[in-house]
Amino acid sequence: MSQTPQQIIAIVPAAGIGSRMGAELPKQYLALNEQTILGHTLDCLLSHPKITKVIVALNPHDEYFVKLPQATDPKLQAVVGGKERADSVLAGLEVAKKDAWVLVHDAARPCLTHFDIDKLIESAAVFPQGAILAAPVRDTMKRTNAQGIITETVCREQLWHALTPQFFPVVSLKKNLTDALAAGASITDEASAMEWAGIMPAVVTGRADNIKVTHPDDLQLASLFLKSNEQ
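Residue positions are given per chain, counted from 1 along the sequence in the order it is written. Only residues with pLDDT of at least 70 are given local features in this predicted model, and only at 80 or more are side-chain atom pairs given and counted; all residues enter the totals for whole chains, interfaces and linings. Neither water nor hydrogens contribute to the side-chain values; these are computed over all heavy atoms in the structure.

## Quick notes on the pairing of strand β8 (residues 141-144)
Phase 1 of the analysis: Here, a strand pair is defined by DSSP locating no fewer than two bridges between the strands. In this text, helices come from DSSP runs of H or I with a minimum length of four residues, and strands from runs of E with a minimum of two, each type numbered from the N-terminal end. Sheet topology places β8 next to strand β9 (residues 150-154); four bridges connect them, and they run antiparallel. Bridge pairing links M141 to V154 in β9.
Phase 2 of the analysis: Between β8 and the antiparallel strand that follows it, β9, lie five residues; G148 among them carries a positive phi value of about 85°.

Spelled out as structure tokens, the structure:
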């Protein structure tokens, strides 16, 4: 059985503009309770005692990050991200220590808890190939045709919603992301790059409140979850 990694960094790809929110600001900078979405995300990662460094990949034209109170934290390093999520993750991996493991976490998932981070870190002792936080599918799943007509009901057993963080060795993730992109593979998250290379990550059951703020309605829900977690 492998040991829990000693060197752990977090990478937060935050170079996107979040167009689905319909806001003038990139969605990670929208107000959520007393600060920004990204501020909450960074607070959780920066305050975790086992995370030694947090790397944020930013849009080259980002004008908002330097205004965040977290921007001056000594554990934090900002790098220039890329057009796609994978490009931003690779930019972070370029400055990460080779002997470390990396937690890749969405900038717009502000409700992450230390409890889930601990579960994921501890999973490395059992799953040395890496693992991701995920939530089991609870609803009935339907597949439709292009016109929106249901064509079948999909069995939900062993189906999971992929969440973040996703947790892998730095060297392995960097190689497989690079190779998958060079091959033109469709990479939607870090686990898909590992899968493309024939490595099967595990899933670790995460909290259902670890939501991604994608649409305006998600802001209110995230606000409620954060307030609940503070109690």
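## Regarding unusual backbone geometry
Residues apart from glycine generally show negative phi values, whereas peptide bonds are mostly found in trans.
Phase 1 of the analysis: The peptide bond linking T164 to P165 adopts the cis configuration, its omega dihedral lying at 10°.
Phase 2 of the analysis: Note that P165 resides in strand β10 (residues 160-169).
Phase 3 of the analysis: You will see that N33, though not glycine, has its phi angle at about 55°, which is positive.
Phase 4 of the analysis: Structurally, the position occupied by N33 is in the loop between β2 (31-32) and β3 (35-36).
Phase 5 of the analysis: On the accessibility criterion, N33 (29% relative accessible area) is partly exposed.
Phase 6 of the analysis: Phi at Q158 is positive, roughly 65°, even though this residue is not glycine.
Phase 7 of the analysis: Mapping Q158 onto the fold places it in the loop between β9 and β10. Burial classes follow relative accessibility: with a 1.4 Å probe on protein chains only, a residue under 20% of its type's maximum area counts as buried, one over 50% as exposed, and anything between as partly exposed.

## A few points about the pattern of salt bridges
Phase 1 of the analysis: We count a salt bridge whenever a side-chain nitrogen from Lys or Arg sits within 4 Å of a carboxyl oxygen from Asp or Glu. Under the definition given, this model contains seven salt bridges.
Phase 2 of the analysis: Residue R85 pairs with D106 through a salt bridge whose shortest N-O separation is 2.4 Å. Pair noted here: R85 is in helix α2 (residues 85-94) and D106 is in the loop between β6 (101-104) and α3 (114-122), with a separation of 21 residues, a long-range link.

## Topic: the nonpolar core
Phase 1 of the analysis: The criterion is simple. A nonpolar core is a set of buried Ala, Val, Leu, Ile, Met, Phe, Trp, Tyr and Cys residues joined through side-chain atoms within 4.5 Å. Counting 32 residues, the largest nonpolar core has L42, V54, V56, F65 and L103 as its most contacted members.
Phase 2 of the analysis: At the level of secondary structure, the elements contributing two or more residues to this core comprise β1 (8-14), α1 (37-46), β4 (53-58), β6, α3, β7 (131-136), β10 and β11 (202-205).
Phase 3 of the analysis: Take this core: its biggest share by element is five residues, from α1.
Phase 4 of the analysis: Residue contacts follow a heavy-atom distance rule, with two residues in contact if any of their heavy atoms lie within 4.5 Å. Setting aside chain neighbours within four positions, we find L103 in contact with I8, I9, A10, I11, I51, I117, L120, I121, P165, Q166 and F167.
Phase 5 of the analysis: Among the nonpolar cores identified, the runner-up in size contains 25 residues, and I11, I55, V104 and A180 belong to it.

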